[in-house]
Amino acid sequence: MKINSLKNFILITVLLMLSNAISAAKPTSIKYIEDVVTENDIIYVHYQVKCSDGRSADISAWNNRKKWCVGKGRQDKCSEKQIKSAKIVCK
């Protein structure tokens, strides 16, 4: 009887993990907002990402769009790909 309970628990846990992965929000659009010049005369580009769950979030492009970061004007949680940063902000 304990083995069946353990199997059921594992099955339910796996199903919950899969349902969370499937239902995770995804980016639906990425819109250019503005070019921004920092105090140090460094330019980054601000974009707004719309997610499938209705939320909006910001990402920033640095170094002529070679570095894509989560948030407006931030340089942490960065990627080389726009879509990867967009997916991160929609999770």
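Quick notes on the rules
- Residues numbered from 1 in each chain as written.
- Predicted model: local features only at pLDDT ≥ 70, side-chain atom pairs only at ≥ 80, totals over all residues.
- Heavy atoms only, no water.
- Salt bridge = Lys/Arg side-chain N within 4 Å of Asp/Glu carboxyl O.
- Buried < 20%, exposed > 50% of the residue type's maximum accessible area, 1.4 Å probe, protein only.
- Core = buried A, V, L, I, M, F, W, Y, C linked by side-chain atoms within 4.5 Å.
- Helix = DSSP H or I, 4+ residues; strand = E, 2+ residues; numbered from the N terminus.
- Contact = heavy atoms within 4.5 Å.
- Patch = residues over 30% accessible without salt bridge, like charges linked within 9 Å, V, L, I, M, F, W, Y side chains within 5 Å.
- Areas by Shrake-Rupley, 256 points an atom, 1.4 Å probe, with all protein chains shown as cover.

**Topic: the pattern of salt bridges**
Within this structure, the stated rule accounts for three salt bridges. The shortest N-O distance in the salt bridge between Asp-53 and Arg-55 comes to 2.9 Å. On the accessibility criterion, Arg-55 (35% relative accessible area) is partly exposed. Where Asp-76 meets Arg-74, a salt bridge forms, and the shortest distance between an N and an O atom there is 2.9 Å. On the basis of relative accessible area, Asp-76 is assigned to the partly exposed category, the value being 34%.

**Overview of the nonpolar core**
Among the nonpolar cores identified, the biggest contains 13 residues, and Tyr-47, Val-49, Ile-59, Val-89 and Cys-90 are the most heavily contacted of them. Looking at this core, the element that brings in the most residues is strand β2 (residues 43-51), giving four residues. Setting aside residues no more than four positions away along its own chain, Val-89 makes contact with Val-49, Cys-51, Arg-55, Ala-57, Asp-58, Ile-59 and Val-70.

**A few points about a nonpolar patch on the surface**
Residues Leu-6, Phe-9, Ile-10 and Val-14 make up a contiguous nonpolar surface patch of roughly 400 Å² in combined accessible area. Mapped onto the secondary structure, Phe-9 falls in helix α1 (residues 2-22). Judged by its relative accessible area of 57%, Phe-9 is exposed.

This is a description of form; function is not addressed.
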